[in-house]
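# Secondary and tertiary structure notes
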Amino acid sequence: MELLVAVVGPAHALKGEVALDLRTDSPQERFFEGAQFDAASHGVLTVESIRVHKGRMLVKFEEIHDRTDAEELRGAHLMVNVDESQDEDDAWYPHELMGLKVRTIAGEPRGMVARFVPGAAQDLLVVDYDGREVLVPFVRQIVPEVLLDEGTIVVDPPGGLFDDEG
């Protein structure tokens, strides 16, 4: 299975470094010298060097030689193949959550997951509920269960989150 680990951000300086918008919980395991990523139409990219600058990861790829090349790479998705047998029991990939039905602990329907938004402090589930989007913090206190086999996410929302509560 292919997994998105980062989106290439803006070019940095003149020698082809790029900033990355990380989409992985374990960047230290994914990004190291020699690591390779599939970048679709840009082909396979190999990490030449990594450093952190002002809180952002900057990467130089062997195949990117200057700022012009780096600017053309902006927006590219860096993908890796992962072995699904190594998945953690309580970890999910964003693509697995899309389209899941959302219900409360009491079994009341609360729509469907439309999008997943990664965040610095916490991730958000964007739930389509009665034609509007509800942002649900993806934390154990509010989302105690993800039942992939049943196609359901169980929520314990605080009052007012879905407007008709509280």
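Computed from a prediction, not measured in an experiment: that's the story for all the values here.

What counts, and at which threshold
Residues numbered from 1 in each chain as written. Predicted model: local features only at pLDDT ≥ 70, side-chain atom pairs only at ≥ 80, totals over all residues. Heavy atoms only, no water. UniProt positions renumbered as here; feature names shortened; annotations may be inferred. Helix = DSSP H or I, 4+ residues; strand = E, 2+ residues; numbered from the N terminus. Pairing = 2+ DSSP bridges. Axes fitted to C-alpha atoms, helices over the stretch in contact; angles between N-to-C directions.

### What to know about the UniProt feature "domain: RimM N-terminal" (unreviewed entry) in the protein chain
- The feature "domain: RimM N-terminal" (unreviewed entry), as annotated in UniProt, sits at residues 5-83 in this numbering.
- Segment residues 5-83 splits into 14% helix and 48% strand. End C-alpha atoms: 14 Å apart.

### Some remarks on the sheet that holds strand β7 (residues 101-104)
- Reading across the sheet, the six strands line up as β10-β9-β8-β7-β12-β11 and stay open at both edges, with mixed pairing between neighbours. The open sheet is flanked by β10 (132-137) and β11 (145-147), the only strands paired with a single partner. For this sheet, the mean angle separating the axes of adjacent strands, direction not counted, is 35 degrees.
- Of the pairings in the sheet, the one linking β11 to strand β12 (residues 152-155) comprises three bridges and is antiparallel in character.

### Comments concerning unusual backbone geometry
- With a phi close to 55 degrees, Ala40 is a non-glycine residue in the positive phi region.
- With respect to the secondary-structure elements, Ala40 resides in the loop between β3 (36-38) and β4 (44-53).
- In this structure, Lys54 takes a positive phi of about 50 degrees despite not being glycine.
- Along the polypeptide, Lys54 turns up in the loop between β4 and β5 (56-61).

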